[in-house]
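Overview (structure and organization)
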Amino acid sequence: MEIRDPGDFELGVATSSWQIEGDIAGRGRCTWDDFSETPGRVIDGATGAVACDHVNRLEEDLDLLAWLGVDAYRFSISWPRVMPGGTGSLSSSGLEFYDRLVDGLLARGITPVATLYHWDLPSELEAEGGWVNRETAHRFAEYSEAMARHFAGRIGRWATLNEPWCTAFLGYCSGYFAPGRTEPGASLEAAYNLILGHGLAVERMRAAGATDIGIVLNLIPIVAETPSMEAAAAHADGLQNRIFLDLLAGRGVSNEVRASCASITDWSFVHDSDNVTLGTPIDWLGVNYYTVMRVAEPKSTEAASIGQDTAHIPACPPMSFAPRGELTQMGWEIYPEGIVDALRIAERGLPGVPLWICENGVAVDDVADDAGVHDPIRTKYLADHINAVLDARRAGMDVRGYFAWSLMDNLEWSSGWTMQFGIVRVDPATCERTPKDSAHWYRSQLLGRKT
Ligand code: FCB
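Residues numbered from 1 in each chain as written. Predicted model: local features only at pLDDT ≥ 70, side-chain atom pairs only at ≥ 80, totals over all residues. Heavy atoms only, no water.

**Focus: the site of the ligand**
In the vicinity of the ligand, the residues found are Gln19, His118, Trp119, Asn162, Glu163, Tyr290, Glu359, Trp405, Glu412, Trp413 and Phe421. Within the side chain of Asn162, a nitrogen or oxygen atom sits 3.0 Å from an oxygen atom of the ligand. Glu163 places a side-chain nitrogen or oxygen 2.6 Å from an oxygen atom of the ligand. Looking at the shell around the ligand residue by residue, the classes come out as five nonpolar, three polar and three charged. (Near = heavy atom within 4 Å. Polar contact = N/O pair within 3.5 Å; in protein donor to acceptor, adjacent residues only side chain to side chain. Nonpolar A, V, L, I, M, F, W, Y, C, P; charged D, E, K, R; others polar.)

**Comments concerning helix 7 (residues 135–151)**
The end-to-end C-alpha separation of helix 7 is 25 Å, in line with the 24 Å expected for 17 residues at 1.5 Å each. For helix 7, the tally of buried residues reaches 12 of 17 residues, placing the bulk of the element in the interior. Turning to helix 7, its buried residues number three or more, namely Thr136, Ala137, Arg139, Phe140, Ala141, Tyr143, Ser144, Glu145, Ala146, Met147, Ala148 and Phe151. Tucked into the core, helix 7 has its buried residues touching helix 4 (79–82), helix 5 (92–107), strand 3 (111–117), helix 6 (123–127), strand 4 (157–162) and helix 9 (184–207). Following helix 7 by one or two positions, Gly153 adopts a phi angle in the positive range, close to 85°. (Helix = DSSP H or I, 4+ residues; strand = E, 2+ residues; numbered from the N terminus. Expected span 1.5 Å × (residues − 1). Buried < 20%, exposed > 50% of the residue type's maximum accessible area, 1.4 Å probe, protein only. Contact = heavy atoms within 4.5 Å.)

**Focus on the nonpolar core**
Membership of the largest hydrophobic core comes to 160 residues, with the highest contact counts inside it found for Ile77, Trp158 and Tyr442. At 12 residues, the largest contribution of residues to this core is made by helix 9. Setting aside residues up to four positions removed in sequence, Ile77 forms contacts with Ser17, Val82, Tyr98, Ala114, Thr115, Leu116, Asp120, Tyr143, Met147, Phe151, Ile155 and Trp158. (Core = buried A, V, L, I, M, F, W, Y, C linked by side-chain atoms within 4.5 Å.)

**Here we look at the environment of His312**
Here His312 lies in the loop between strand 8 (293–296) and strand 9 (320–321). For His312, a relative accessible area of 4% puts it in the buried group. Placed 183 residues apart in sequence, His312 and Gly129 show a C-alpha to C-alpha distance of 19 Å. At 3.2 Å, the side chain of His312 and the backbone oxygen of Asp309 are in polar contact.

Here's what the structure looks like:
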């Protein structure tokens, strides 16, 4: 299996702070600490106290990245580690950790790509209403500006938010993610305030000297299985994809989306005067892609897994999801063509902006024996998706790079340690790292390209 002719296409791996860092004592608390420490919220009771112990194993992980031969590493900065409480003064030990990370990457010739918010909201800000409170957008912009100032010239590419859809709709509508609230109307307000925070942050970061600033969305191709399901699919698409792209393009909230959620909100939190800030031009757009969403007739019995459940869709009409073929552990359909469909959604919604795949990967059963950790499905998944993206690039699409999710097995949010996406295995008990077959494969492709 080969990555076909990547040329100067950037290839990397991604992680996020709460999922790998641990060292809970060295930072302020976040909503995922509160959520995961509440019994029943995370399936196996895992918390972020140790995670992958990345903070204490930084040098080892930097060497792992260098061994892999990646061009770039996408990580996230923990807001409560660098600015405990979410506002006010910065933590010197928190900054020192990311200094060592960023400088260590640069010393190894790896481009640092930093995400400012991958869901670990300081708990103190959630106590004030979290993302449903417009003030949180301003706090986020202040924090982002402080990071831009501190890392100017060293962090080459920035993402403001990771997947605001998840924060808004899993966090505030289905309650499946932190902070675990189930308020469909408020979740729309959270989505709006997240993009407002992004826009305010971009403005302030630029003024502070940061360049190459984007945002990462989880865009999902949504397909109606039958003509009768087209309206339901359009509703899901409006909230999954269009609302975010419309806000980022400065178009505000469309009349279709407004009408489809009129039963749960009057949209009074939307102000046309915000459109310039919301639509502040970005330098690049990141797309995270895992699967396609096929919308079918509602089923009589509610499926339990998140992939099947529609509770995260505000004002959701009767519908269900109908994944095809062999499913991943997450219950997600494997559909490599969909990665290009997701990029097309981005291209159409926000024309002329360079694209990156910022996450793509799969949770499967790995088989460990004396010879190593075997994950042939993952290797094929990565190869098929990267090659689909490269084909689209050769056909003229402006897509510049790809990050596999994830460098290492980690805390998969509400699924805890039960779902593993890493190309490097992490033993949950000892945190020992073992590159899987997929990591050896990725390395061979990366190194082969450089010779
Ligand atoms: C994405 C998240 C990432 C990881 C993958 C599997 O939605 O951004 O942190 O959990 O899913």
